[in-house]
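Structure assessment
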Amino acid sequence: LKEAVVLLLSQLGKPDLSDWYLAVLVALNRLNHAWDPAELPDQIWKQPSPTVRAALIDMLLRRDAWTPGLLDAIETNKLAVAHLSSAQRQALLQHKKEAVQARAAKLFESPSTRAAVLKSHRDVLTTTGDPARGQPLFERTCAVCHKIAGVGKGFGPDLGALSDRSPQALLTAILDPNQAVDPRYLNYVAETTDGAGGETFTGVLLSETASGVTLVGADGVKRTILRKDLATLRSTSLSLMPEGLEQGLGKQGLADVIAFVASRSQPARVLPGVKASLIKPNSEGSL
């Protein structure tokens, strides 16, 4: 059965076969420990469907025998770190096996390529920002994807619901958008067949069905491509949010945008008579 499943996987490469991939993963899961993730062909790792990819990662996290294979795939660039959700990363960082924890920590703590930009913009954190000046800058630069307090569009992350609204966190998110990307907001590239014009579209994968996929580009426009017209669909493993926004805003502009976002963010709700406090894990890592 193992050989038959791997053979079947090797024959699947079209982007309209997500249901087949999911069925194959179900079959592999029933094999328990009777196979090695290293036997999977490359296209299962490169599968563009986030649904299939998330199912594969979840499956490999379920069994200790398969988890090293997941780390192997990341180390050999078969799978990008950005494809793992924060919960999946946390599961690896808190794995019961220390060897898995150590490998995961090394993979997830690689230095950012934008470290120099972050360092050169530290003084933004001590610059007084003006929310009134920041609003038009936000509307011009950020509102295409983001929405906060009724300003902008909402297909990107909800800035009003941020758990960490500190200036440091906001500055890092702006200057280094690829440091920690939610898999829901990864950028995808879709190419249509020659019969459909042979065009290329990029954007966040808003939805995928048996009949087609819908992307939302950086311009905020939704585009639905039928499966029959889809030649390829792949993830860039990067955020749709571009790097280099600091070049168009300047340091004072960054401080103004951060001040605007902070002023419009909803404060955490605290019930009357209840004191809010930080919950810290105990020595065993439990809350």
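Our structure is the block above this text.
Here is a short report on the structure shown in this document. Not measured: the values here are computed from a predicted model.

Take the packing of aromatic side chains next. In this description, an aromatic ring pair is defined by two values, namely the gap between the centres and the angle between the planes. Applying the stated rule across the entire model yields one aromatic pair. For the ring pair Phe 138 and Phe 260, a centre distance of 5.3 Å and an interplane angle of 50° mean the geometry is tilted. Here Phe 260 lies in helix H11 (residues 246-264) and Phe 138 lies in helix H9 (residues 131-141), a separation of 122 residues in the sequence. The two residues Phe 138 and Phe 260 agree in class, both being buried. Against the face of Phe 108 rests Arg 89, its NZ or CZ located 6.0 Å from the ring centre.

Read from one edge of the open sheet, five strands run S6-S5-S4-S3-S7, paired in antiparallel fashion. The two strands at the open ends of the sheet, each matched to only one other strand, are strand S6 (222-226) and strand S7 (230-239). Taking the axes of each pair of neighbouring strands and ignoring which way they run, one obtains an average angle of 45° across the sheet. As judged from the five bridges shared by strand S3 (residues 186-192) and strand S4 (residues 200-208), these two strands associate in the antiparallel manner. Of the residues in S4, the one forming a bridge with Asn 187 is Val 204.

Right, let's get into the pairing of strand S5 (residues 212-216). For S5, a buried count of five out of five residues is recorded, marking the element as mostly surrounded by other parts of the structure. Burial along S5 is two-sided: Gly 212, Thr 214 and Val 216 facing one way and Val 213 and Leu 215 facing the other are all buried. Where S4 and S5 come together, four bridges link them in antiparallel fashion. Across the sheet, Leu 205 pairs through a bridge with Leu 215, a residue of S5. The hairpin formed by S4 and S5 contains three residues between the paired strands.

For helix H4 (residues 50-62), built from 13 residues, the straight-helix expectation of 18 Å at 1.5 Å per residue is met to within 8% by its first-to-last C-alpha distance of 18 Å. Burial in H4 covers these residues: Val 52, Arg 53, Leu 56, Ile 57, Met 59 and Leu 60. Mapping the buried residues of H4 onto a view down its axis gives an arc of 160°, with all of them on the same face.

A few words on H9. Buried residues of H9: Gly 134, Leu 137 and Phe 138, and no others. In a view along the axis of H9, the buried residues occupy a sector of 105°, so they form one face of it. Opposite the buried face of H9, by more than 90 degrees, sit the exposed residues Ala 132 and Arg 140. For H9, the N-terminal cap is Asp 130; the gap from its side-chain oxygen to the backbone nitrogen of Ala 132 is 2.9 Å.

Side chains bearing opposite charge may pair, as long as their charged atoms lie close to each other. Enumeration over the complete set of coordinates arrives at seven salt bridges. Put simply, Asp 130 and Arg 133 hold a salt bridge, and the shortest N to O gap is 3.5 Å. Linking Asp 256 and Arg 133 is a salt bridge whose minimum nitrogen-to-oxygen distance equals 3.0 Å. With Asp 256 in helix H11 and Arg 133 in helix H9, this pair connects stretches of sequence that are 123 residues apart. One network of salt bridges, in which partners are shared, links Asp 72, Glu 75 and Arg 103.

Calculation rules
- Residues numbered from 1 in each chain as written.
- Predicted model: local features only at pLDDT ≥ 70, side-chain atom pairs only at ≥ 80, totals over all residues.
- Heavy atoms only, no water.
- Phe/Tyr/Trp six-rings, centres within 6.5 Å; stacked < 30°, edge-to-face > 60°.
- Helix = DSSP H or I, 4+ residues; strand = E, 2+ residues; numbered from the N terminus.
- Buried < 20%, exposed > 50% of the residue type's maximum accessible area, 1.4 Å probe, protein only.
- Lys NZ or Arg CZ within 6 Å of the ring centre and 35° of its normal.
- Pairing = 2+ DSSP bridges.
- Axes fitted to C-alpha atoms, helices over the stretch in contact; angles between N-to-C directions.
- Expected span 1.5 Å × (residues − 1).
- Arc of directions from axis to C-beta.
- Polar contact = N/O pair within 3.5 Å; in protein donor to acceptor, adjacent residues only side chain to side chain.
- Salt bridge = Lys/Arg side-chain N within 4 Å of Asp/Glu carboxyl O.

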